[in-house]
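Fold and geometry: a report
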Amino acid sequence: MESKTEFDVIIVGLGCVGIAAAFYCTKMGLKVLGIERFNDTGSIGTSSYGFTRIWRMCHPDLRYNDMQQEAIEVWREIEQRTKKEILVKTGFVWIGPKDHPDFKSVVDSKQGEFMTNQQLKSKYSGLSAIPDDLSGIFVENAGIVRVQNALQGTKQLAIEQGASLKFNTKVQKIDKVKGEVTLESGEVLRAKNIVVCCGSISDQFYEKGIFEMRKSPQETYVISDNSGLPPTMIMHGAKELEGFDLYALLDGENLQNYKFGYEAEATDNTKTLPILKKYFPTKYEKLIHVQPCSYAITEGEEFIFERKDKAIYAFGLNGRGFKHMPYHGKRIYHLVAGNQQEADKYKKSRNIPIQSESKMQEPIAKL
Ligand SMILES: Cc1cc2nc3c(=O)[nH]c(=O)nc-3n(C[C@H](O)[C@H](O)[C@H](O)COP(=O)(O)OP(=O)(O)OC[C@H]3O[C@@H](n4cnc5c(N)ncnc54)[C@H](O)[C@@H]3O)c2cc1C
């Protein structure tokens, strides 16, 4: 089956990246078709599923704060135009050993206010069992992204601006040289640019030796009691965490629950549950469900935004891509428009290098 329709951009995958690209490209006047295999953006099984995410102006590598700032500007526009609340400002607490390089770098660069172990425990009763060698940083300019409002608001505006979005439609094949997308039905669609942003769940477009990515399975643990805990937090560098992060935040449609995630790259209850039990004994009993999920992880945990022929690959957002969602859309637009310098402005690390203790394992696929 053939189709002659030519678009400026076909976006394959409408997770947070794809829907943001549909919004920004149509805002800039481009003719856009978005294709998603599931029945909506942010469906269960994708990385963008859920109620909440953390946003924060706090990172050892300062370009992530720059991206956050650009994202906030677009979020505010989307909030204003849709009348949907997206960013809830609650503050954020980073917990870690005082002498850990990442922790030190955010303190030294004055991104937050230092809190002693005692101050943490007296302000947040739910943290009373954390080890005595951990301290905190409170960052005011941070909080929660309401995922559903973010995705649905952005989708609404993309459609109003003229985007055609096809759901329940799986892409079978992409020809990056011809700029062709073949659907499962056999229909072939063409565009000047094909944006490939399939997150971690689809590997049929991976091309050996170009980019490296692996799928990292994760789990989140939802607890029915959010009292006495910081609205959003990350614990990084604690001994039992073995170099991985434990993050936690308010969850649920009305922020009535609390969600923990341990980024240990495994759906492994035997690792996570003992940590929750030891560090959060008053909350452990309130566990209501465990949600499997996955990240797309790249070497050095760098985001990938690259053009190859007519294809633009946008993926590898690891466990921290949602907070920058509207900026990803803008960056993709710049790649489409040929503004390479603008698209690459955050490619190089700024100031303080990330001290990652986790090593890249064997990739499961190459993109
Ligand atoms: C539990 C959890 C907690 C997180 N917490 C935070 C946080 O606090 N702060 C933060 O900033 N980030 C966080 N993240 C990370 C962030 O959510 C992800 O980086 C982001 O959602 C990735 O979006 P994506 O669009 O790249 O991928 P996805 O959301 O996975 O989107 C890819 C889309 O492509 C579609 N697709 C795949 N193959 C095909 C095909 N063949 N045809 C058509 N469509 C296809 C999929 O169905 C999917 O909709 C978290 C992630 C998880 C899982």
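Residues numbered from 1 in each chain as written. Predicted model: local features only at pLDDT ≥ 70, side-chain atom pairs only at ≥ 80, totals over all residues. Heavy atoms only, no water.

Going by this rule: UniProt positions are given in the numbering used here, feature names are shortened, and annotations may be inferred rather than shown by experiment.
Under the annotation held in an unreviewed UniProt entry, the protein carries the name Methyltryptophan oxidase and is attributed to Stylonychia lemnae. UniProt annotates the protein under Cofactor (unreviewed entry) with the comment "FAD". Quoted verbatim from the Sequence similarities (unreviewed entry) field of the UniProt record, the comment on the protein reads "Belongs to the MSOX/MTOX family."

**Remarks on the packing of helix 2 (residues 63-82) against helix 5 (residues 147-160)**
Just so we agree on the cut-off: To obtain an axis, a line is fitted to C-alpha atoms, over the contacting stretch when the element is a helix, and the angle between two such axes runs from 0 to 180 degrees between their N-to-C directions. Every helix listed is a DSSP run of H or I at least four residues long, and every strand listed is a run of E at least two residues long, numbered separately from the N terminus. Here the word oblique covers every angle except those under 35 degrees (roughly parallel), over 145 (roughly antiparallel) and from 65 to 115 (roughly perpendicular). Should any heavy atoms of two residues lie within 4.5 Å, those residues are counted as being in contact. Here the nonpolar group is Ala, Val, Leu, Ile, Met, Phe, Trp, Tyr, Cys and Pro; Asp, Glu, Lys and Arg are the charged ones; every other residue, Gly included, is treated as polar.
The interhelical angle for the contact between helix 2 and helix 5, taken along N-to-C directions, is 75°, at an axis separation of 10 Å. For the element pair helix 2 / helix 5, the angle class is roughly perpendicular. Between helix 2, through W75, I78, R81 and T82, and helix 5, the contact on the second element is made entirely by A150, G153, T154, Q156 and L157. A per-class count over the contact of helix 2 with helix 5 returns 4 nonpolar, 4 polar and 1 charged.

**A closer look at the sheet that holds strand 4 (residues 87-89)**
Note the cut-off: Strand pairing follows a simple DSSP-based rule, namely that at least 2 bridges must link the two strands.
Spatially, the 3 strands line up as an open sheet ordered 3-8-4, and their pairing is antiparallel. Two strands close off the open sheet at either side, each with one partner strand: strand 3 (52-56) and strand 4. The average undirected angle you get between the axes of adjacent strands in this sheet is 30°. Two strands pair when backbone bridges link them, and strand 4 and strand 8 (residues 142-146) are joined in this way by 3 bridges, in the antiparallel orientation. Within strand 8, the position partnered with K89 by the bridge is G143. Here helix 5 sits on the sheet in contact with strand 3 and strand 8, set at roughly 55° to strand 8.

**Observations concerning the packing of aromatic side chains**
Where we set the bar: Any two of the Phe, Tyr and Trp rings considered here, Trp counted by its six-membered ring, make a pair once their centres fall within 6.5 Å; the pair's planes then place it as stacked at under 30 degrees, edge-to-face at over 60, or tilted in between. A 1.4 Å probe rolled over the protein chains alone gives each residue an accessible area, and that area as a share of the maximum for its type sets the label: buried under 20%, exposed over 50%, partly exposed in between.
Scanning all chains against the criterion turns up 9 aromatic pairs. Between the aromatic rings of Y24 and Y333, the centroid separation amounts to 6.0 Å while the plane-to-plane angle is 50°, which identifies the pairing as tilted. Remark: Y333 occurs in helix 8 (residues 325-336) and Y24 occurs in helix 1 (residues 16-27); sequence separation between them is 309 residues. The residues Y24 and Y333 share a single accessibility class, namely buried. Here F244 and Y262 contribute two aromatic rings whose centre-to-centre distance is 6.3 Å and whose plane-to-plane angle is 90°, an arrangement assigned as edge-to-face. Pair noted here: F244 is in the loop between strand 14 (232-236) and strand 15 (245-251) and Y262 is in strand 16 (residues 257-262), with a separation of 18 residues, a long-range link. Residue F244 shares its accessibility class with Y262, and that shared class is buried. A network of ring pairs unites the aromatic residues Y258, F260, Y279 and F280 as a single cluster.

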